[in-house]
Amino acid sequence: MSQFQPPPRQAFNPPPQPAAGGMGLAIGALVCAVLGFIVPLVGFVAIILAIIALVKPALPGRGKGLVIAALVLAIVGTVFNCAGVMAAVMLPAIGKARQSARQIKSSVQVRMVGDALMQYASDNQDWYPESPDGLDRLVASGMVGPEMLVTPHIDGQTATSYFYLPPTKPLTEHASPMQVVVVYENPQLVRGPVNVLFMDGHVEAMSASELNQRLSAQGAAAAPQRQSP
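All values derive from a computational prediction rather than experimental measurement.

Conventions and cut-offs
Residues numbered from 1 in each chain as written. Predicted model: local features only at pLDDT ≥ 70, side-chain atom pairs only at ≥ 80, totals over all residues. Heavy atoms only, no water. Helix = DSSP H or I, 4+ residues; strand = E, 2+ residues; numbered from the N terminus. Buried < 20%, exposed > 50% of the residue type's maximum accessible area, 1.4 Å probe, protein only. Core = buried A, V, L, I, M, F, W, Y, C linked by side-chain atoms within 4.5 Å. Contact = heavy atoms within 4.5 Å. Pairing = 2+ DSSP bridges. Axes fitted to C-alpha atoms, helices over the stretch in contact; angles between N-to-C directions. Arc of directions from axis to C-beta. 1 Å grid on protein atoms, 1.4 Å probe; cavity = no way out; pocket = protein on both sides within 12 Å on 5 of 7 lines; lining within 4 Å. Points joined across faces, edges and corners; volume = space filled by probe spheres on them. Nonpolar A, V, L, I, M, F, W, Y, C, P; charged D, E, K, R; others polar. Expected span 1.5 Å × (residues − 1).

**Q** Please clarify how the environment of Gly142 should be interpreted in this entry.
**A** Relative to the helices and strands, Gly142 resides in the loop between α4 (134-140) and β1 (162-164). Since its relative accessible area comes to 59%, Gly142 is described here as exposed. Counting along the chain gives 26 residues from Gly142 to Ala116, while the straight-line C-alpha distance between them is 9.5 Å.

Given below as structure tokens:
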């Protein structure tokens, strides 16, 4: 007679439980990701918390969704803040480069005016134009274009931006023509050094105070000063 054999017992395997702290990490990462748009460093904290939460075993589906949302927000916020920092660093450099380019362009214009004055002197027994409207006479004779007399420092400027000081003697009778100012940029239109043309044709960039010292030495009136904003 056969004996009854009970079925073998099967080991009870409890269902997997959500990883301890997984939801807390997910929520913390999401909160930090939102705050990261205001405080840049918090965005990095959100990324770290999100990565830690993702590697947690048995993270529930809702928790994974929170983590992914937090990670995306943290990355976007970090990129946004980095772009803002780069813009803050680059804008002053761009402004300086633009100012330098305008300074160079103005220097070229003044030098071209100097070439025209030298040509005028060559045609007029070494005399530069003898009246204060000498630059207008250069334009009228076609030796320079009117745009050469407009500073590039001010957008939309159309009026003549350079002052002309007619010499009292011919070029060949000046003992030191390299020290005689004949044209200078209006300091009121320039932030920084102004371009100054000397009788021998060379150009120097000078501060307004240096220019006035040179004008005073040759008995000319002081240049107008830029008004403080």
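Now that the structure is up, let's keep going.
**Q** Is there a simple way to think about the nonpolar core in this case?
**A** The tendency in soluble globular proteins is for nonpolar side chains to be buried side by side. Among the nonpolar cores identified, the biggest contains 21 residues, and Val113, Leu117, Leu135, Leu138, Val183 and Leu197 are the most heavily contacted of them. Counting residues per element, the ones that place at least two in this core are α3 (61-123), α4, β1 and β2 (181-185). Among all residues touching Leu197, those that are not within four sequence positions of it are Val110, Val113, Gly114, Leu117, Val180, Val181, Val182, Val183, His202 and Val203. The next biggest cluster of nonpolar side chains, apart from the first, holds 12 residues, and it includes Ala26, Ala33, Val42 and Val67.

**Q** It is not clear to me how the sheet that holds β2 should be interpreted in this structure. Could you clarify?
**A** In a beta sheet, neighbouring strands pair by backbone hydrogen bonds and run either parallel or antiparallel. The sheet built from 4 strands is open, its strands ordered β1-β2-β3-β4 with antiparallel pairing. Lying at the two open borders of the sheet, with one neighbouring strand each, are β1 and β4 (203-206). Going from strand to strand, the sheet's axes swing by 25 degrees on average, the running direction of each strand aside. The pairing of β1 with β2 spans 3 bridges and is antiparallel. Within the sheet, the bridge partner assigned to Phe163 lies in β2 and is Tyr184.

**Q** Sorry, what's going on with helix α5 (residues 208-217) here?
**A** A turn of α-helix holds 3.6 residues, and therefore any two residues three or four places apart point the same way. Of the positions making up α5, those classed as buried are Leu211, Asn212 and Leu215. Viewed along the axis of α5, the buried residues span an arc of 95 degrees, placing them on a single side of the element. Residues Gln213, Ser216 and Ala217 are exposed on α5 and point more than 90 degrees away from its buried face. Against the buried residues of α5 lie β2, β3 (194-198) and β4. Gly219 lies just past α5 and shows a positive phi near 75 degrees.

**Q** I tried to follow the environment of Ala26 on my own but got confused; where do I start?
**A** Among the structural elements, Ala26 can be located in helix α1 (residues 22-35). Taking the C-alpha atoms as reference points, Ala26 and Ile51, 25 residues apart in sequence, are found 9.4 Å from one another. The contacts of Ala26, once residues within four sequence positions are left out, are Ala53, Gly63, Leu66, Val67 and Ala70.

**Q** I keep staring at the layout of surface pockets and nothing clicks. Help me out?
**A** Where empty space is left can be seen by rolling a probe of water-molecule size over the atoms. One number sums up the size of the largest pocket: a volume of about 170 Å³. For the largest pocket, the full set of lining residues is Leu165, Pro166, Pro167, Thr168, His174, Val180, Val181, Gln218 and Ala220. Residues that form the lining of the largest pocket fall into these classes: 6 nonpolar, 3 polar and no charged.

**Q** How should the environment of Leu215 be read in this particular structure?
**A** Relative to the elements of secondary structure, Leu215 occurs in helix α5. The class for Leu215 is buried, based on a relative accessible area of 0%. Between the C-alpha atoms of Leu215 and Val181, which are 34 residues apart in sequence, the distance is 7.2 Å. Not counting chain neighbours up to four residues away, the residues in contact with Leu215 comprise Leu165, Val181, Tyr184, Ala220, Ala221, Ala222 and Ala223.

**Q** What is the right way to read helix α2 (residues 40-54) from this model?
**A** Taking 1.5 Å per residue as the helical rise, α2 with its 15 residues ought to reach 21 Å, and the 22 Å between its terminal C-alpha atoms agrees with that figure. By the burial criterion, the buried members of α2 are Val42, Gly43, Ala46, Ile47, Ala50 and Ala53. Seen from one end, α2 has its buried residues packed into an arc of 150 degrees, which puts them on one side. For α2, the exposed residues lying more than 90 degrees away from the buried face are Leu41 and Ile48.

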